[in-house]
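Overview (structure and organization)
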Amino acid sequence: GKDFLRTLPGVGPILHQETGIGVAFFDFFNIGVTPYCLVVHTDGSIHAVNTISRVATQIIGAGAIQNPSSSNIGITQWGSTFVLIVADQTDGYFAWDGTTFYVPGATIPGHGVMPTGIHGTAIEVYTSRIWIANGAIIVFSAPGDFIDFATADGGGSFTSNDSFLRVHFTALKSTNGFLYLIADSSINYISGVNTTGSGPAVTTFTNQNADPEIGTPYANTVDVFSRNILLANAFGAHVSYGGAVTKMSDALDGIYATVPNFGGLALSAAKAIIFGKKVWMVLIPVIDLITGQQVNKLFMWDG
C-alpha cells in the first residue's frame, strides 16, 4: 500500500568498546530511570554502559566472572533498585545498585549479607522471589527477599527428575502469572507459589509440564513477547501461547537450518519497536539460496 515501504536506518555509533578485550555477554536493565547495558568482557570484568550518554563505568575488574560466556551468565533486576547477576562458578551471585558492586559475603545496607555458594546460569524474579537455574536444580529465595535463601525463611530448591529433561534448564522467564522453566528439550511452568508458617516457613507451588519435546539450548533466544514465550532451536522458532507451544517458522524450513549445527554459533535474539510495530528477531547463519555462500540473516516476527 501507499507509504508502507520503509527503510531501516543503518548501523549507529558504537555503544561501548574496550581495547584489547572482547565481549562475552551483554544484556539490558535500568537503575531508577537510567537505562544501562551490562557488558561482561572476556577477561571477566563488567561494565555498565549508560545507553543514553554512552558513558561506561567499570563496576568490577578482571576475573570477577570466571570463564565468561553467554551460556553461563544470567541477569535480572530487583525492581529498579538492583541488577542481579548469576554466573556458573562457586560464588556466582552478585548485585549492583548503580553505585556499589556487591560480591558474595559483602553486606548490603538495609538488606544483610550477600549469600555465598549461590551460582547458576539463569535468573528471574517471580512472586517477589529470586529463582536461579543451576543445571537440573532450581533454587528460590524467601518471599520478598533477594539475598535470603534459607529454608527456615521459605527459601529452598528442587531437582528435576523428569524423563524429558535431557540435560539442564537454560532460561527462566516470568509472564502471564507463570514462571516458565525453559530446558534444552522441554518447557515447564510454575504457579501457585505460597509460603506459610514461620520458624520454619514452608513454600509450596505447582510445577507442570507445558511441552516435553520442545525447548532450546540457546538461552539468548528465549524472550517474553507480551504474554507469550518465544525461543529458537535446531528445527525452528517457536511461540508458547499460555503453555501451548507452536512452531511459527514453517515458512523458513527451506533455509532455516541449512548450516549444520549453525556452524557452532550460539543463536541469539532481540526485541525492538520498529515503526510502531513490536518485533522479535533471531540471528541465524544460513546458506544463501542464490549465491550458495554462508551468510548471517536476521529473521523477524511481529506476532
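Our subject is the structure listed above.
A short tour of the structure in this document, coming up. Per chain, the residues get numbers from 1 upward, laid out in the order the sequence is written. With pLDDT at 70 or above as the cut-off, local features in this predicted model cover only qualifying residues; side-chain atom pairs require 80 or more to be listed or tallied, and sums for whole chains, interfaces and linings still use all residues. Note that the side-chain values use all heavy atoms of the structure and ignore hydrogens as well as water.

**Looking at the side chain of Asp211**
With respect to the helices and strands, Asp211 occurs in strand β18 (residues 202–211). With a 1.4 Å probe rolled over the protein chains alone, any residue whose accessible area is under 20% of its type maximum counts as buried; one over 50% counts as exposed, and the rest are partly exposed. His is not counted here, nor are the chain ends, while Lys and Arg score as positive and Asp and Glu score as negative. A pair is scored as a salt bridge if a Lys or Arg side-chain nitrogen falls within 4 Å of a carboxyl oxygen belonging to Asp or Glu. Within the buried set, Asp211 has no salt-bridge partner at all; the shortest N-O distance to an opposite charge, 10 Å, is to Arg166. A 3.5 Å cut-off defines polar contacts: any pair of N or O atoms within that distance qualifies, except that in protein one atom must be a possible hydrogen donor and the other a possible acceptor, and neighbouring residues in sequence count only when both atoms are side-chain atoms. One polar contact links the side chain of Asp211 to the main-chain amide nitrogen of Glu213, over a distance of 2.8 Å. When residues no more than four places from it in sequence are discounted, the contact partners of Asp211 are Ser186, Ile187 and Val245. A helix here means a DSSP run of H or I that spans at least four residues, while a strand means a run of E at least two residues long, and both kinds are numbered starting from the N terminus. Note on contacts: a residue pair is in contact if any heavy atoms of the two residues lie within 4.5 Å.

**Focus on a nonpolar patch on the surface**
A patch consists of residues exposed above 30% relative accessible area that lack any salt bridge, with like charges linked at up to 9 Å and nonpolar side chains (Val, Leu, Ile, Met, Phe, Trp, Tyr) linked at up to 5 Å. To be clear on the numbers: accessible area is Shrake-Rupley with a 1.4 Å probe, and residue cover counts the displayed protein chains and nothing else. A cluster of nonpolar side chains, Val23, Phe26 and Phe28, forms an exposed patch at the surface whose accessible area comes to about 320 Å². You can see Val23 is positioned in strand β1 (residues 23–31). Assessed through its relative accessible area of 49%, Val23 is described here as partly exposed.

**Comments concerning unusual backbone geometry**
Cis geometry is adopted by the peptide bond preceding Pro200, which originates at Gly199 and carries an omega value of 5°. Residue Ser226 is not a glycine yet carries a positive backbone phi of 60°.

**Points about the sheet that holds strand β17 (residues 187–196)**
For sheets, the rule is that strands pair by backbone hydrogen bonds, running either parallel or antiparallel. Strands are labelled as partners when DSSP assigns at least two bridges between them. Pairing is antiparallel across the open sheet formed by four strands, whose spatial order is β15-β16-β17-β18. Two strands close off the open sheet at either side, each with one partner strand: β15 (169–175) and β18. Averaged over all adjacent pairs, the angle separating strand axes in this sheet is 25°, with direction ignored. As paired strands, β15 and strand β16 (residues 178–183) are joined by six bridges and run antiparallel to one another. Pairing of Ser174 across the sheet is with Leu179, part of β16. All axes are obtained by fitting lines to C-alpha atoms, using only the stretch in contact for helices, and the reported angles, taken between N-to-C directions, cover 0 to 180 degrees.

**Remarks on the packing of aromatic side chains**
Put simply, two rings from Phe, Tyr or Trp (the six-membered ring, in Trp's case) pair if the centres are within 6.5 Å, and we call them stacked under 30 degrees between planes, edge-to-face over 60, tilted for the rest. By the definition in use, this model includes 19 aromatic pairs. Relative to Phe146, the ring of Phe82 lies with its centre 4.9 Å away and its plane at 45°, an arrangement referred to as tilted. In this pair, Phe82 sits in strand β6 (residues 82–87) while Phe146 sits in the loop between β13 (137–140) and β14 (156–159), placing the two residues 64 residues apart along the sequence. One aromatic cluster is present, built from ring pairs that chain together Tyr126, Trp131, Phe140, Phe158 and Phe205. Placement of a positive charge over a ring is assigned whenever Lys NZ or Arg CZ falls within 6 Å of the ring centre and within 35 degrees of the normal to the ring plane. Geometry around Phe225 places Lys278 over its ring, the cationic atom sitting 4.7 Å from the centre.

**Brief notes about the layout of surface pockets**
Put simply, the grid is 1 Å and covers the protein atoms alone, a cavity is a trapped set of points that fit a 1.4 Å probe, a pocket is an open set with protein on both sides within 12 Å along at least five of seven lines, and lining residues have an atom within 4 Å of a point. Grid points are joined across faces, edges and corners, and a volume is the space filled by probe spheres set on the points. Roughly 1200 Å³ of internal volume is contained in the largest pocket. Lining the largest pocket are 37 residues, with Phe26, Asp27, Asn220, Asp223 and Ala269 positioned closest to its centre. Every element with two or more residues in the lining of the largest pocket is listed here: β1, β5 (73–78), β11 (122–126), β15, β19 (223–225), β23 (268–274) and β24 (277–287). Per element, the largest residue contribution to the lining of the largest pocket is seven residues, and it comes from β1. Residues that form the lining of the largest pocket fall into these classes: 23 nonpolar, nine polar and five charged. Empty space within the second largest pocket amounts to approximately 660 Å³. Every residue lining the second largest pocket is counted, 18 residues in all, and those nearest its centre are Val11, Gly12, Pro13, Leu15 and Phe28. Listed by contribution, the elements that provide at least two residues to the lining of the second largest pocket are β1, β2 (34–41) and β25 (294–301). At three residues, β1 tops the list of elements feeding residues into the lining of the second largest pocket. Classes in brief: Ala, Val, Leu, Ile, Met, Phe, Trp, Tyr, Cys and Pro nonpolar; Asp, Glu, Lys and Arg charged; the others, Gly included, polar. For the lining of the second largest pocket, the per-class residue count stands at 14 nonpolar, four polar and no charged.

**Comments concerning the pattern of salt bridges**
When their charged atoms lie close together, side chains carrying opposite charge are able to pair. Considering all chains together, one arrives at three salt bridges under this definition. The closest approach of N and O atoms between Asp223 and Lys271, which form a salt bridge, is 3.5 Å. Of this pair, Asp223 sits in strand β19 while Lys271 sits in strand β23, placing them 48 residues apart in sequence. By relative accessible area, which is 39% here, Lys271 ends up partly exposed. The residue Asp253 makes a salt bridge to Lys247 at a minimum N-O spacing of 2.8 Å. Given a relative accessible area of 45%, Asp253 falls into the partly exposed group. Exposure remark for Lys247: the relative accessible area of 25% places this residue in the partly exposed category. Linked through salt bridges whose partners overlap, the residues forming this network are Lys247, Asp250 and Asp253.

This is a description of form; function is not addressed.
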